[in-house]
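Descriptive analysis of the structure
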Amino acid sequence: MKRSLVMARIILSRRMTCWYLSPIIAFGMVAFILVFRSLLLTTGQELHIAAGGGSTAIAVSLLASAITALATCFPLATAVGIARCDVVLGNLLHHLQAVVYNTLLLAGMLVLEGATGGWFINQPIFGTGLLDHGSWFTFWWFTPLSLLATMAMGASVAAAWLWRGTLGLLLHAATTMAIFMTTLWLISLCWDWARFAAHFNAGWLAGSLALVTVLALTGTAALIRRASVRGS
(Lines give C-alpha, C1' and ligand atoms only; values in the text may rest on other atoms or scores of the structure.)
Protein backbone atom coordinates (compact mmCIF):
# COMPACT_ATOMS: atom_id res chain seq x y z
CA MET A 1 0.00 0.00 0.00
CA LYS A 2 2.91 2.33 0.75
CA ARG A 3 4.21 2.03 -2.81
CA SER A 4 0.70 2.61 -4.13
CA LEU A 5 0.69 5.94 -2.30
CA VAL A 6 4.05 6.76 -3.88
CA MET A 7 2.57 6.04 -7.31
CA ALA A 8 -0.41 8.28 -6.53
CA ARG A 9 1.93 11.08 -5.44
CA ILE A 10 3.91 10.73 -8.67
CA ILE A 11 0.72 11.22 -10.67
CA LEU A 12 -0.53 14.06 -8.46
CA SER A 13 2.77 15.89 -8.89
CA ARG A 14 1.48 16.73 -12.38
CA ARG A 15 -0.27 19.75 -10.90
CA MET A 16 -1.59 21.27 -14.12
CA THR A 17 -3.38 18.09 -15.18
CA CYS A 18 -4.55 16.93 -11.75
CA TRP A 19 -5.46 20.20 -10.05
CA TYR A 20 -5.61 23.21 -12.36
CA LEU A 21 -6.98 21.92 -15.66
CA SER A 22 -10.56 21.21 -14.57
CA PRO A 23 -11.23 24.69 -13.07
CA ILE A 24 -9.62 26.27 -16.13
CA ILE A 25 -11.91 24.27 -18.42
CA ALA A 26 -14.99 24.99 -16.29
CA PHE A 27 -14.52 28.75 -16.12
CA GLY A 28 -13.15 28.81 -19.67
CA MET A 29 -16.40 27.29 -20.93
CA VAL A 30 -18.38 29.93 -19.06
CA ALA A 31 -16.21 32.75 -20.44
CA PHE A 32 -16.37 31.40 -24.00
CA ILE A 33 -20.14 31.04 -24.03
CA LEU A 34 -20.68 34.46 -22.43
CA VAL A 35 -18.42 36.14 -24.99
CA PHE A 36 -20.00 34.19 -27.84
CA ARG A 37 -23.52 35.13 -26.76
CA SER A 38 -22.47 38.77 -26.36
CA LEU A 39 -21.05 38.87 -29.87
CA LEU A 40 -24.26 37.39 -31.26
CA LEU A 41 -26.34 39.98 -29.42
CA THR A 42 -24.32 42.81 -30.98
CA THR A 43 -25.41 41.53 -34.40
CA GLY A 44 -29.06 41.51 -33.35
CA GLN A 45 -29.27 37.70 -33.22
CA GLU A 46 -30.30 35.55 -30.27
CA LEU A 47 -29.12 32.00 -29.81
CA HIS A 48 -29.66 29.59 -26.94
CA ILE A 49 -26.60 27.35 -26.87
CA ALA A 50 -27.21 23.72 -25.98
CA ALA A 51 -26.75 22.96 -22.27
CA GLY A 52 -24.40 20.44 -20.74
CA GLY A 53 -21.21 21.45 -22.50
CA GLY A 54 -19.32 22.28 -19.33
CA SER A 55 -19.83 18.95 -17.59
CA THR A 56 -19.08 17.01 -20.76
CA ALA A 57 -15.85 18.97 -21.30
CA ILE A 58 -14.68 18.09 -17.78
CA ALA A 59 -15.52 14.42 -18.33
CA VAL A 60 -13.50 14.40 -21.57
CA SER A 61 -10.57 16.11 -19.84
CA LEU A 62 -10.62 13.44 -17.12
CA LEU A 63 -10.58 10.73 -19.77
CA ALA A 64 -7.49 12.32 -21.32
CA SER A 65 -5.93 12.77 -17.87
CA ALA A 66 -6.41 9.09 -17.03
CA ILE A 67 -4.75 8.07 -20.29
CA THR A 68 -1.74 10.36 -19.96
CA ALA A 69 -1.26 9.74 -16.21
CA LEU A 70 -0.64 6.02 -16.60
CA ALA A 71 1.19 6.29 -19.90
CA THR A 72 3.69 8.90 -18.69
CA CYS A 73 4.16 7.81 -15.06
CA PHE A 74 4.49 4.05 -15.63
CA PRO A 75 8.16 4.14 -16.77
CA LEU A 76 9.16 6.35 -13.82
CA ALA A 77 7.26 4.15 -11.36
CA THR A 78 8.96 0.97 -12.54
CA ALA A 79 12.34 2.73 -12.52
CA VAL A 80 12.03 3.52 -8.80
CA GLY A 81 10.97 -0.04 -7.99
CA ILE A 82 7.18 0.21 -7.74
CA ALA A 83 5.54 -3.14 -8.49
CA ARG A 84 3.01 -3.26 -11.31
CA CYS A 85 0.12 -4.11 -9.01
CA ASP A 86 1.02 -1.02 -6.95
CA VAL A 87 1.05 1.00 -10.17
CA VAL A 88 -2.56 -0.01 -10.78
CA LEU A 89 -3.60 0.66 -7.17
CA GLY A 90 -1.86 4.03 -7.14
CA ASN A 91 -3.55 4.90 -10.40
CA LEU A 92 -6.90 3.98 -8.83
CA LEU A 93 -6.15 6.27 -5.88
CA HIS A 94 -5.57 9.07 -8.37
CA HIS A 95 -8.92 8.29 -9.98
CA LEU A 96 -10.69 8.50 -6.62
CA GLN A 97 -9.01 11.85 -5.89
CA ALA A 98 -10.00 13.20 -9.29
CA VAL A 99 -13.58 11.97 -8.93
CA VAL A 100 -14.06 13.65 -5.53
CA TYR A 101 -12.34 16.85 -6.67
CA ASN A 102 -14.28 17.20 -9.91
CA THR A 103 -17.62 16.20 -8.38
CA LEU A 104 -17.23 19.02 -5.85
CA LEU A 105 -16.13 21.37 -8.64
CA LEU A 106 -19.20 20.53 -10.73
CA ALA A 107 -21.45 20.92 -7.69
CA GLY A 108 -19.97 24.37 -7.11
CA MET A 109 -20.51 25.34 -10.75
CA LEU A 110 -24.13 24.17 -10.53
CA VAL A 111 -24.67 26.29 -7.41
CA LEU A 112 -23.11 29.33 -9.10
CA GLU A 113 -25.19 28.73 -12.21
CA GLY A 114 -28.38 28.61 -10.18
CA ALA A 115 -27.46 31.63 -8.05
CA THR A 116 -26.68 33.78 -11.10
CA GLY A 117 -29.74 32.73 -13.09
CA GLY A 118 -27.76 30.88 -15.72
CA TRP A 119 -24.69 33.15 -15.65
CA PHE A 120 -26.92 36.25 -15.83
CA ILE A 121 -28.17 35.37 -19.33
CA ASN A 122 -30.37 32.33 -18.58
CA GLN A 123 -27.83 30.03 -20.23
CA PRO A 124 -27.37 26.62 -18.52
CA ILE A 125 -23.88 25.23 -19.06
CA PHE A 126 -23.59 22.64 -16.29
CA GLY A 127 -27.23 22.08 -15.34
CA THR A 128 -28.04 19.27 -17.75
CA GLY A 129 -26.19 16.84 -19.93
CA LEU A 130 -23.80 13.99 -19.26
CA LEU A 131 -23.32 14.36 -15.51
CA ASP A 132 -26.54 15.80 -14.14
CA HIS A 133 -30.03 14.38 -14.64
CA GLY A 134 -32.28 16.50 -12.49
CA SER A 135 -32.15 16.18 -8.72
CA TRP A 136 -29.19 16.65 -6.40
CA PHE A 137 -29.70 13.11 -5.13
CA THR A 138 -29.13 11.78 -8.64
CA PHE A 139 -26.16 14.10 -9.11
CA TRP A 140 -24.35 12.87 -5.99
CA TRP A 141 -24.34 9.21 -7.03
CA PHE A 142 -24.35 9.43 -10.82
CA THR A 143 -21.56 11.97 -11.23
CA PRO A 144 -18.89 10.07 -9.21
CA LEU A 145 -19.79 6.71 -10.75
CA SER A 146 -19.77 8.06 -14.30
CA LEU A 147 -16.48 9.90 -13.79
CA LEU A 148 -14.87 6.84 -12.21
CA ALA A 149 -16.01 4.62 -15.09
CA THR A 150 -14.70 7.19 -17.58
CA MET A 151 -11.27 7.34 -15.94
CA ALA A 152 -11.07 3.55 -15.58
CA MET A 153 -11.70 3.21 -19.31
CA GLY A 154 -9.02 5.80 -19.99
CA ALA A 155 -6.50 3.86 -17.88
CA SER A 156 -7.29 0.66 -19.77
CA VAL A 157 -6.61 2.48 -23.05
CA ALA A 158 -3.23 3.64 -21.71
CA ALA A 159 -2.42 0.10 -20.54
CA ALA A 160 -3.27 -1.27 -23.99
CA TRP A 161 -0.90 1.24 -25.58
CA LEU A 162 1.88 0.39 -23.12
CA TRP A 163 1.32 -3.28 -23.91
CA ARG A 164 1.44 -3.27 -27.72
CA GLY A 165 1.35 0.31 -28.97
CA THR A 166 -1.03 0.93 -31.85
CA LEU A 167 -1.85 -2.77 -32.11
CA GLY A 168 -2.84 -2.75 -28.45
CA LEU A 169 -5.18 0.18 -29.04
CA LEU A 170 -6.82 -1.62 -31.96
CA LEU A 171 -7.23 -4.81 -29.92
CA HIS A 172 -8.64 -2.78 -27.02
CA ALA A 173 -11.19 -1.10 -29.31
CA ALA A 174 -12.15 -4.45 -30.88
CA THR A 175 -12.54 -6.10 -27.46
CA THR A 176 -14.62 -3.23 -26.11
CA MET A 177 -16.88 -3.32 -29.15
CA ALA A 178 -17.22 -7.11 -28.91
CA ILE A 179 -18.24 -6.90 -25.25
CA PHE A 180 -20.71 -4.13 -26.03
CA MET A 181 -22.30 -5.96 -28.96
CA THR A 182 -22.45 -9.22 -27.01
CA THR A 183 -24.21 -7.44 -24.14
CA LEU A 184 -26.77 -5.95 -26.53
CA TRP A 185 -27.30 -9.37 -28.14
CA LEU A 186 -27.87 -11.05 -24.76
CA ILE A 187 -30.33 -8.34 -23.73
CA SER A 188 -32.28 -8.67 -26.97
CA LEU A 189 -32.23 -12.46 -26.56
CA CYS A 190 -33.68 -12.37 -23.04
CA TRP A 191 -36.08 -9.41 -23.28
CA ASP A 192 -37.65 -7.23 -25.90
CA TRP A 193 -36.29 -3.69 -25.87
CA ALA A 194 -39.52 -2.07 -24.70
CA ARG A 195 -39.66 -4.33 -21.65
CA PHE A 196 -35.98 -3.78 -20.91
CA ALA A 197 -36.33 0.02 -21.12
CA ALA A 198 -39.33 -0.09 -18.81
CA HIS A 199 -37.37 -1.96 -16.12
CA PHE A 200 -34.06 -0.11 -16.53
CA ASN A 201 -33.89 2.13 -13.46
CA ALA A 202 -31.30 3.98 -11.39
CA GLY A 203 -30.13 0.76 -9.74
CA TRP A 204 -29.42 -0.86 -13.09
CA LEU A 205 -27.56 2.26 -14.24
CA ALA A 206 -25.41 2.35 -11.10
CA GLY A 207 -24.67 -1.36 -11.43
CA SER A 208 -23.74 -0.94 -15.09
CA LEU A 209 -21.31 1.88 -14.30
CA ALA A 210 -19.77 -0.14 -11.48
CA LEU A 211 -19.40 -3.17 -13.78
CA VAL A 212 -17.71 -1.06 -16.47
CA THR A 213 -15.29 0.27 -13.84
CA VAL A 214 -14.42 -3.20 -12.55
CA LEU A 215 -13.92 -4.63 -16.05
CA ALA A 216 -11.74 -1.68 -17.07
CA LEU A 217 -9.59 -1.95 -13.93
CA THR A 218 -9.24 -5.71 -14.42
CA GLY A 219 -8.15 -5.16 -18.01
CA THR A 220 -5.68 -2.49 -16.91
CA ALA A 221 -4.12 -4.80 -14.32
CA ALA A 222 -3.85 -7.67 -16.83
CA LEU A 223 -2.27 -5.50 -19.54
CA ILE A 224 0.16 -3.70 -17.21
CA ARG A 225 1.61 -7.06 -16.15
CA ARG A 226 2.67 -7.61 -19.77
CA ALA A 227 3.62 -4.02 -20.64
CA SER A 228 7.17 -3.19 -21.63
CA VAL A 229 8.86 -0.07 -20.25
CA ARG A 230 10.99 0.10 -23.41
CA GLY A 231 7.85 0.09 -25.54
CA SER A 232 6.40 3.02 -23.59
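Everything discussed here concerns the structure shown above.
Residues numbered from 1 in each chain as written. Predicted model: local features only at pLDDT ≥ 70, side-chain atom pairs only at ≥ 80, totals over all residues. Heavy atoms only, no water.

1. A word on the nonpolar core
Residues Ile58, Met109 and Phe126 are the most contacted members of the largest nonpolar core, which totals 22 residues. When contributions to this core are tallied by element, the ones reaching two or more residues are helix H2 (15-42), helix H3 (53-79), helix H4 (84-115) and helix H6 (136-190). Tallying contributions element by element places H4 first for this core, with 7 residues. With sequence-adjacent residues up to four places away left out, methionine 109 is seen in contact with Ala26, Phe27, Val30, Trp119 and Phe126. (Core = buried A, V, L, I, M, F, W, Y, C linked by side-chain atoms within 4.5 Å. Buried < 20%, exposed > 50% of the residue type's maximum accessible area, 1.4 Å probe, protein only. Helix = DSSP H or I, 4+ residues; strand = E, 2+ residues; numbered from the N terminus. Contact = heavy atoms within 4.5 Å.)

2. A short note on empty space enclosed by the protein
A full pass over the atoms with the stated rule returns 1 cavity of 30 Å³ or more. Quantified by volume, the largest cavity comes out at close to 40 Å³. As for the largest cavity, its lining consists of Thr17, Cys18, Leu21, Ser22, Ser61, Leu62, Ser65, His94, Ala98 and Asn102. The set of elements that each furnish at least two residues to the lining of the largest cavity consists of H2, H3 and H4. Each residue belonging to the lining of the largest cavity can be placed in one class, and the counts come to 4 nonpolar, 6 polar and no charged. (1 Å grid on protein atoms, 1.4 Å probe; cavity = no way out; pocket = protein on both sides within 12 Å on 5 of 7 lines; lining within 4 Å. Points joined across faces, edges and corners; volume = space filled by probe spheres on them. Nonpolar A, V, L, I, M, F, W, Y, C, P; charged D, E, K, R; others polar.)

3. Observations concerning unusual backbone geometry
Phi is positive for phenylalanine 120, close to 70 degrees, though the residue is something other than glycine. Topologically, phenylalanine 120 is positioned in helix H5 (residues 118-122). Phenylalanine 120 sits in the exposed class, given a relative accessible area of 70%. Residue asparagine 122 is not a glycine yet carries a positive backbone phi of 55 degrees. Note on placement: asparagine 122 falls in helix H5.

4. Some details on helix H8 (residues 202-224)
End to end, H8 covers 33 Å across 23 residues, agreeing with the expected 33 Å (1.5 Å per residue, within 8%). Turning to H8, its buried residues are Ala206, Leu209, Thr213, Ala216, Leu217, Thr220, Leu223 and Ile224. Considering only its buried residues, H8 is in contact with H3, H4 and H6. Two or three places before glycine 203, at the opening of H8, asparagine 201 has a side-chain oxygen 3.2 Å from that residue's backbone nitrogen. (Expected span 1.5 Å × (residues − 1). Polar contact = N/O pair within 3.5 Å; in protein donor to acceptor, adjacent residues only side chain to side chain.)

5. Concerning helix H1 (residues 2-12)
Residues of H1 that are buried: Ser4, Met7, Ala8, Ile10 and Ile11. For H1, the angular spread of the buried residues around the axis is 155 degrees, confining them to a single face. Away from its buried face, by an angle of more than 90 degrees, H1 presents the exposed residues Lys2 and Arg9. (Arc of directions from axis to C-beta.)

Geometric descriptors of this kind do not, in isolation, establish any biological role.
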